[in-house]
Amino acid sequence: MAVIAERYLADDEELVHVTRQHWTEMVSEFLMLCGIWVVAGFLLAAIPGDAEWGQGGTYLILGAAVLASVWYWLVPLLQWRFTLYILTTKRIHKRSGFLTKRARSIPLIRVNDVSFKASLWQRIMRYGTLKIQSASEMGTMTLRHVPDPEGLKALIYQQVDEEQRGDHLGGYEAPPAPGLR
């Protein structure tokens, strides 16, 4: 994932953290895939072997099952796979889409507040939703199904503090003010 994220970095920033949505985002799609093929299996078993339309019915059922699998499992899988949450030393990125790409960035210097929400189930599974408030026109960025939202929130605040202090300048320390030596 880090190799993919590095292509979105500017020259003056470094990658701090990259993640995608939690794997539980795909559970319902996987169950849908299983259900599609169970129904297809029952329908195939119900076709009488001596019916003249049996072969055409078999192809119709298999074709419908493949199309439903692509629509209800493969497309969401690709959307999940290509959704990345990237934290750098300068910005927070949200990138998504595999055919139509969408991206949003918030400079760390503009971050006002980071909050997270996690239900009991989400806390057990270790994921949640982060809301990042910024001082820009776009307002809030929402990151859904984030693995370890408290850890990412802490990392964001750490990077915001470093950006505001100027620690991103590679260890440069401002000289002391005259008379304070």
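Keep in mind that this is a model prediction, so the values were computed, not measured.

Student: Explanation requested: the overall build of the protein in the structure shown.
Tutor: Helix and strand content of the protein: five helices and seven strands. For the protein, whose C-alpha radius of gyration is 24 Å, the value lies well above the compact-globule estimate of 16 Å for 181 residues. Projected onto its principal axes, the C-alpha coordinates of the protein cover approximately 100 × 35 × 30 Å. Going through the 181 residues of the protein one by one, you find that 34% of them count as buried. Computing the positive centroid from 19 side-chain charges and the negative centroid from 18, the protein places the two 4 Å apart.

Student: What should I look at first to understand a nonpolar patch on the surface in this one?
Tutor: There is a patch of nonpolar side chains on the surface, built from W37, Y59, L62, V66, V70 and L74 and spanning about 510 Å² of accessible area. Top element by residues in the nonpolar patch is helix α3 (residues 54-81). It accounts for five residues. Mapped onto the elements, V70 comes out in helix α3.

Student: What exactly am I supposed to notice about the sheet that holds strand β6 (residues 127-134) here?
Tutor: The strands making up a sheet associate through backbone hydrogen bonding, with each pair oriented either parallel or antiparallel. Spatial strand order, β5-β6-β7: three strands in an open sheet with antiparallel pairing. At either end of the open sheet lies a strand with only one pairing partner, and these are β5 (111-117) and β7 (140-147). Between one strand axis and the next, the sheet turns by 20° as a mean value, whatever way the strands run. The pairing of β5 with β6 spans six bridges and is classified as antiparallel. From the neighbouring strand, S115 faces β6, where its bridge partner is K131.

Student: What is the right way to read the packing of aromatic side chains from this model?
Tutor: Describing an aromatic ring pair means giving the distance of the ring centres and the angle of the ring planes. Taken as a whole and assessed by the stated rule, the structure comprises one aromatic pair. Over the aromatic face of W80 sits the side chain of R20, whose NZ or CZ is 5.3 Å from the ring centroid. The side chain of R81 reaches across the aromatic face of F82, ending 5.9 Å from its centre.

Student: When you look at the sheet that holds strand β1 (residues 15-20) in this model, what are you seeing that I'm missing?
Tutor: Across the sheet, four strands lie side by side as β1-β2-β3-β4; this open sheet has antiparallel pairing. Each edge of the open sheet carries a strand with a single partner, namely β1 and β4 (102-107). Pairs of neighbouring strands in the sheet enclose a mean axial angle of 15°, with direction left out of account. Bridge count for β1 against strand β2 (residues 84-88) is five bridges, and the pairing is antiparallel. If you follow L15 over to β2, its bridge partner there is T88.

Student: Teacher, can you tell me more about empty space enclosed by the protein here?
Tutor: Space left empty within the atom packing is revealed by a probe, the size of a water molecule, rolled over the atoms. In the structure shown here, the tally under the stated rule is one cavity of 30 Å³ or more. Reported here for the largest cavity is a volume of approximately 40 Å³. Around the largest cavity sit H17, Y85, I86, L87, I92, L143, L152 and I156, which together line it. Elements that contribute at least two residues to the lining of the largest cavity include exactly β2 and α5 (149-165). At three residues, the largest contribution of residues to the lining of the largest cavity is made by β2. Looking at the lining of the largest cavity residue by residue, the class counts come to seven nonpolar, one polar and no charged.

Cut-offs applied
Residues numbered from 1 in each chain as written. Predicted model: local features only at pLDDT ≥ 70, side-chain atom pairs only at ≥ 80, totals over all residues. Heavy atoms only, no water. Helix = DSSP H or I, 4+ residues; strand = E, 2+ residues; numbered from the N terminus. Rg over C-alpha atoms; globule rule 2.2 N^0.38 Å. Buried < 20%, exposed > 50% of the residue type's maximum accessible area, 1.4 Å probe, protein only. Lys, Arg positive; Asp, Glu negative; His and termini not counted. Charge placed at Lys NZ, Arg CZ, Asp CG, Glu CD. Patch = residues over 30% accessible without salt bridge, like charges linked within 9 Å, V, L, I, M, F, W, Y side chains within 5 Å. Areas by Shrake-Rupley, 256 points an atom, 1.4 Å probe, with all protein chains shown as cover. Salt bridge = Lys/Arg side-chain N within 4 Å of Asp/Glu carboxyl O. Pairing = 2+ DSSP bridges. Axes fitted to C-alpha atoms, helices over the stretch in contact; angles between N-to-C directions. Phe/Tyr/Trp six-rings, centres within 6.5 Å; stacked < 30°, edge-to-face > 60°. Lys NZ or Arg CZ within 6 Å of the ring centre and 35° of its normal. 1 Å grid on protein atoms, 1.4 Å probe; cavity = no way out; pocket = protein on both sides within 12 Å on 5 of 7 lines; lining within 4 Å. Points joined across faces, edges and corners; volume = space filled by probe spheres on them. Nonpolar A, V, L, I, M, F, W, Y, C, P; charged D, E, K, R; others polar.

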